[in-house]
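A structural walkthrough
Listed here are the chains, written in short residue letters.
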Amino acid sequence: MDTAHQTDVEQTALWNGPAGRAWVETQDLLDQMFKPFENLLLGTAPAGPAGCVLDVGCGTGGTTLAIARALGGKGQCVGVDISEPMIAAARIRAERQSAPASFIRADAQRHSFEPASFDLITSRLGVMFFDDPVRAFANLRRAAKDGAELRFIAWRSAAENPFMTTAERAAAPLLPNLPARRPDAPGQFAFADRHRVCTILEESGWTDIDIRPIDVDCTLPEKELVRYLTRLGPVGLILQETDDQTRAQVIETVRPAFDSYVRGTDVRFTAACWMVGARAPSVASRVTARG
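So, here is what we can say about the structure in this document. In this text, all values refer to a predicted model and were calculated from it rather than measured experimentally. (Residues numbered from 1 in each chain as written. Predicted model: local features only at pLDDT ≥ 70, side-chain atom pairs only at ≥ 80, totals over all residues. Heavy atoms only, no water.)

Considerations on the overall build of the protein
Applied cut-off: Helix and strand definitions here come from DSSP, where helices need a minimum of 4 consecutive H or I residues and strands a minimum of 2 consecutive E residues; each element is numbered from the N-terminal end. Here the globule rule is a power law, 2.2 Å times the number of residues to the power 0.38, and the radius of gyration is based on C-alpha atoms. The classification of residues rests on relative accessible area computed with a 1.4 Å probe and restricted to protein chains. Under 20% of the type maximum is buried, over 50% is exposed, and intermediate values are partly exposed. Throughout, a residue-residue contact means that at least one pair of heavy atoms, one from each residue, lies within 4.5 Å. The Shrake-Rupley method, run with a 1.4 Å probe sphere, supplies the accessible areas, and residue values consider only the shown protein chains as cover. Think of it this way: Lys and Arg go in the positive column, Asp and Glu in the negative one, and His and the chain ends go nowhere. Taken as the charge location is NZ of Lys, CZ of Arg, CG of Asp or CD of Glu.
Each helix and strand counted, the protein has 13 helices and eight strands in total. Over its C-alpha trace the protein gives a radius of gyration of 19 Å, about what one expects of a compact globule, namely 19 Å for 291 residues. Overall size of the protein, expressed as C-alpha extent along the three principal axes, is 65 × 40 × 35 Å. In the protein, buried positions account for 52% of the 291 residues. Counted over contacts in the protein with a minimum sequence separation of 6, partners at least 24 positions apart contribute 81%. Of the roughly 13300 Å² that the protein leaves accessible, carbon and sulfur atoms contribute 52%. Taken as two groups, the 32 positive and 36 negative side-chain charges of the protein have centres that lie 4 Å from each other.

With respect to helix 9 (residues 194–203)
The condition that has to hold: Our arc is simply the arc of the directions from the helix axis toward the C-beta atoms. We define a polar contact as two N or O atoms separated by no more than 3.5 Å, with the added condition that, inside protein, one atom must be a possible hydrogen donor and the other a possible acceptor, whereas residues neighbouring each other in sequence contribute only through side-chain atom pairs.
Along helix 9, the residues that are buried comprise V197, C198, I200 and L201. The buried side chains of helix 9 occupy one side of the element, clustering within an arc of 160° when seen end-on. Facing away from the buried side of helix 9 by over 90 degrees, the exposed positions are H195 and E203. Looking at the buried positions of helix 9, the neighbouring elements they touch are helix 7 (133–143), strand 5 (144–155), strand 6 (207–221) and strand 8 (266–279). For helix 9, the N-terminal capping position is held by D193, with its side-chain oxygen 2.9 Å away from the main-chain nitrogen of H195.

Some remarks on unusual backbone geometry
With the exception of glycine, most residues fall at negative phi, and the peptide bonds are largely trans. Despite not being glycine, S98 shows a phi value in the positive range, around 50°. Among the secondary structure elements, S98 is positioned in the loop between helix 6 (84–97) and strand 3 (101–105). Taking relative accessible area as the criterion, S98 reaches 65% and is therefore assigned exposed. Notably, A116 is not glycine yet its phi reads approximately 50°, a positive angle.

Focus on the packing of aromatic side chains
The cut-off we apply is this: Any pair of Phe, Tyr and Trp rings, taking the six-membered ring for Trp, is counted once the centres come within 6.5 Å. Such a pair is stacked with planes under 30 degrees apart, edge-to-face with planes over 60 apart, and tilted for the rest. Two limits define a charge over a ring: the Lys NZ or Arg CZ must be within 6 Å of the ring centre, and within 35 degrees of the ring normal.
Tallied over the full model, the rule gives 16 aromatic pairs. Relative to F137, the ring of F130 has its centre 6.2 Å away and its plane inclined at 85°; by these criteria the two rings are edge-to-face. Per residue, the accessibility class of F130 equals that of F137, and both read buried. Following the ring pairs from residue to residue traces out a cluster consisting of F163, Y228, F258, Y261 and F269. Here the basic side chain of R156 rests over the ring of W274, its NZ or CZ set 5.6 Å away from the ring centre.

Observations regarding the environment of Y228
Its place among the elements puts Y228 in helix 10 (residues 225–231). Y228 gets classed as buried once you look at its relative accessible area, which sits at 9%. Residues Y228 and A22, spaced 206 residues apart in sequence, show a C-alpha to C-alpha distance of 9.7 Å. Ignoring sequence-local partners within four residues, the contact set of Y228 consists of L29, M33, F163, M164, L220 and F258.

Re the side chain of Q109
By the secondary structure assignment, Q109 is in the loop between strand 3 and strand 4 (118–124). A polar atom in the side chain of Q109 sits 3.5 Å from the backbone nitrogen of D131. Beyond its immediate stretch of four places on either side in the chain, Q109 contacts F130, D131, D132, R135, A136 and N139.

Some remarks on the state of the cysteines
Selection rule: The disulfide criterion is simple: two cysteine sulfur atoms within 2.5 Å.
By the definition in use, this model includes zero disulfides. Of all cysteine sulfurs, the one in C77 lies closest to C58, which takes part in no disulfide; the gap is 8.5 Å. For C58, a relative accessible area of 7% puts it in the buried group. Sulfur of C273: no disulfide; nearest cysteine sulfur belongs to C218 and is 7.3 Å away.

Below, the structure is given as structure tokens:
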């Protein structure tokens, strides 16, 4: 099995297994915590009479549904994700809200989207998990209409996001099997290198690439902090399989490590991310490029 295929299999198993279930179980917390990202992306929704939007790595559908509500009866938002548990949760939410949204359980890197069908392709922290990102973004470009916009948010480096690694740094002495993060491997910080992101988009055929750093203030209730650290991230995944004694020791050790982020009844942190924009080339620009 080649490395890329092995990575793809690992990601599929992860998001259809413990990670996917954890995101479903904590969707309320994650939607609240990442609400500022949703607000940033809503401003890019097409204003035309029949805009069609693709939300990549949509998870349980929070951003997909928000965009669908913003479009109203004028268009539709389609969410795609590799995780069956999260897509199932998203479909239930859409049905309850009677929202103009639909969901596809598929790998956006390989799925055969209808060519030239989307006015906007967007993502809230969902495009860093492809084993072949150039192939993935080339596939998304084919799904975009001529001149369509690509707009997504991705994490910058782990060093710039200490909140996100607090649990694993504090828990490391107690969890010797805690996996080390691999630079450039599919995962949360895979797009930390701005130059790499630009190269991926250029090689996959996008134009007018714009990558800007954004620092976003995020909040979650302090009373939900233990649920957050025991369900999500590398530590949360391991704690799903550990014995009660180890779990209690980890919580006792890790919870105080977050004290510097606690402000009264809230936990506050700054998310260091990239706001990435690009555009699918128009017919005219492709003709010009051919000379």
